[in-house]
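One letter stands for each residue in the lines below.
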Amino acid sequence: MAGLSLRGIYKKYPGGFVAVTDVNLEIEDKEFIILVGPSGCGKSTTLRMIAGLEEISEGELYIGDRLVNDIAPKDRDIAMVFQNYALYPHMTVYDNMAFGLKLRKVPKDEIDRKVKEAAKILDLEKLLDRKPKAMSGGQRQRVALGRAIVRSPQVFLLDEPLSNLDAKLRAQMRTEIAKLHQKLGTTFIYVTHDQTEAMTMGDRIVVMKDGFIQQVDTPQHLYESPCNKFVAGFLGSPQMNFIDAVLLKQGSKYVVEFGSSDSRSSRGVKYTVEVPESKVVPELADYVDKEVIMGIRPESVHDEEMYLSNASTGVIECDVDITEMMGAETYLYLTCEGIPLTARVSPRSTAKAHDRIKVAIDPNKIHLFDKDTEKTIIN
């Protein structure tokens, strides 16, 4: 088994376009790492450079202790699972899984043992004689995984493997792939644009944007302590609320003020949220009387009477635009002084469209970002 080391990796195309810029990343042996970001952020290009399907323009790539920049894909001891499964339609499941081993001249009895072992792990034993067209998307994806497993590679690369599946099957396959990683004890590098997949599957997540790594951390730490507004907004569903505000000092306390004094606004009200002492950092002094962006996650905007009656700060009035009943929770889409907000509340909430309601912003959960650089000031 092997870890990977990406050192100053660039991908430059003719014409000057740089798809990936200065990627430095240490991936530990047996780690499940996720590359996540919007379309065009460079995550698949990075994966393809690890696979050897794209040439590295600059930098060094090590798999284990071996520099592999100039080593052919077939000799890198990696296996890749693609979004479109890439199965041979005229071959049975057995032959699809055995194909790579036959090319390597592996003895027949060893091929048979490996294919049957992989089929057992993936619950494909009854499907070995079928051809891909007679199978569902989830079954085909398992065959593609099986073809990778039989090779016993040092590293698995998975490029958006679940994006062609329906929502229920995706959730099921997420669990299967996570279990598979535990069972095989191999390094997994997984590319997705779906932040739910990223949050639920990875040991660590690499968040990318415009070819740059923004932040690398555990799902929990990324969610609670994003390094900038992009990471904060990308992870979490529904996404974090962002409110243009001003930081003020009132006596010894810092408060964030937002709302509207604009005569065009229905009421022209200003609201404040006090920054808790536990969140005060020396850097806040530099932002007094300056514009900042306040972030608050939907689950930290409460409409329950218990929160409202106990709140000493951060109670605001909103108009309810739409409600979405999700079963275990309800999403409220609100407008406060022209500012759109989303609240994730109890399914027992009685709020409905066109109501005027009060909600409480939990001051212990606010984030502040620099208005110009969008870097985090406090989490």
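Below or above, wherever it landed, is the structure these notes cover.

**A closer look at the pattern of salt bridges**
- For the coordinates displayed, the defined rule picks out 21 salt bridges.
- We note a salt bridge from Arg48 to Glu54, for which the minimum N-O separation is 3.8 Å.
- Given a relative accessible area of 28%, Arg48 falls into the partly exposed group.
- Close ionic contact of Lys253 with Glu274 constitutes a salt bridge, the shortest N to O distance being 3.7 Å. One end of the pair, Lys253, is in strand β12 (residues 253-259); the other, Glu274, is in strand β13 (residues 270-274), with 21 residues separating them in the sequence.
- For Lys253, a relative accessible area of 37% puts it in the partly exposed group.
- Within the structure, one salt-bridge network assembled from shared partners comprises Lys11, Arg48 and Glu54.

**Remarks on the pairing of strand β3 (residues 32-36)**
- Most of β3 is tucked away: 5 of the 5 residues are buried.
- Going residue by residue along β3, you find Phe32, Ile34 and Val36 tucked away on one face and Ile33 and Leu35 tucked away on the opposite face as well.
- One ladder, built from 5 bridges, connects β3 with strand β8 (residues 187-192); its direction is parallel. Residue pairing in the sheet places Val36 in a bridge with Thr192 of β8.
- Inspection of the sheet shows β3 paired to strand β9 (residues 204-209) by 4 bridges, in the parallel sense. Its bridge partner lying in β9, Ile34 is registered against Ile205.

**Observations regarding the side chain of Thr187**
- Considering the arrangement of structural elements, one finds Thr187 in strand β8.
- Given a relative accessible area of 0%, Thr187 falls into the buried group.
- A polar contact of 3.0 Å, which involves the side chain of Thr187, links it to the backbone nitrogen of Lys30.
- Ignoring anything within four residues of it in the chain, the contact list for Thr187 reads Ala2, Leu4, Ile27, Glu28, Asp29, Lys30, Glu31, Gln154, Val155 and Phe156.

**A few points about the environment of Arg356**
- Considering the arrangement of structural elements, one finds Arg356 in strand β19 (residues 356-361).
- What makes Arg356 partly exposed here is its relative accessible area of 28%.
- Of note is the side chain of Arg356, whose polar atom sits 2.9 Å from the side chain of Glu317.
- A distance of 3.2 Å separates the side chain of Arg356 from the side chain of Asp319, its partner in a polar contact.

**Focus on the packing of aromatic side chains**
- Taken as a whole and assessed by the stated rule, the structure comprises 8 aromatic pairs.
- With 5.3 Å between their ring centres and 40 degrees between their planes, Phe32 and Phe188 make a pair best called tilted. Note that Phe32 is positioned in strand β3 and Phe188 in strand β8, a separation of 156 residues in sequence. Each member of the pair, Phe32 together with Phe188, is buried.
- The interplanar angle of 70 degrees and the centroid separation of 5.8 Å between the aromatic rings of Phe242 and Phe369 together place this pair among those described as edge-to-face. With Phe242 in strand β11 (residues 241-250) and Phe369 in strand β20 (residues 367-370), this pair connects stretches of sequence that are 127 residues apart.

**Overview of the pairing of β20**
- By the alternation rule, side chains of β20 split into His367 and Phe369 and Leu368 and Asp370, which are all buried.
- The pairing of strand β14 (residues 291-296) with β20 spans 4 bridges and is classified as antiparallel. When the bridges of β20 are listed, Val292 appears paired with Asp370.
- Pairing geometry for β20 and strand β21 (residues 376-378), over 2 bridges, is antiparallel.

Reading guide: rules and limits
- Residues numbered from 1 in each chain as written.
- Predicted model: local features only at pLDDT ≥ 70, side-chain atom pairs only at ≥ 80, totals over all residues.
- Heavy atoms only, no water.
- Salt bridge = Lys/Arg side-chain N within 4 Å of Asp/Glu carboxyl O.
- Buried < 20%, exposed > 50% of the residue type's maximum accessible area, 1.4 Å probe, protein only.
- Helix = DSSP H or I, 4+ residues; strand = E, 2+ residues; numbered from the N terminus.
- Pairing = 2+ DSSP bridges.
- Polar contact = N/O pair within 3.5 Å; in protein donor to acceptor, adjacent residues only side chain to side chain.
- Contact = heavy atoms within 4.5 Å.
- Phe/Tyr/Trp six-rings, centres within 6.5 Å; stacked < 30°, edge-to-face > 60°.

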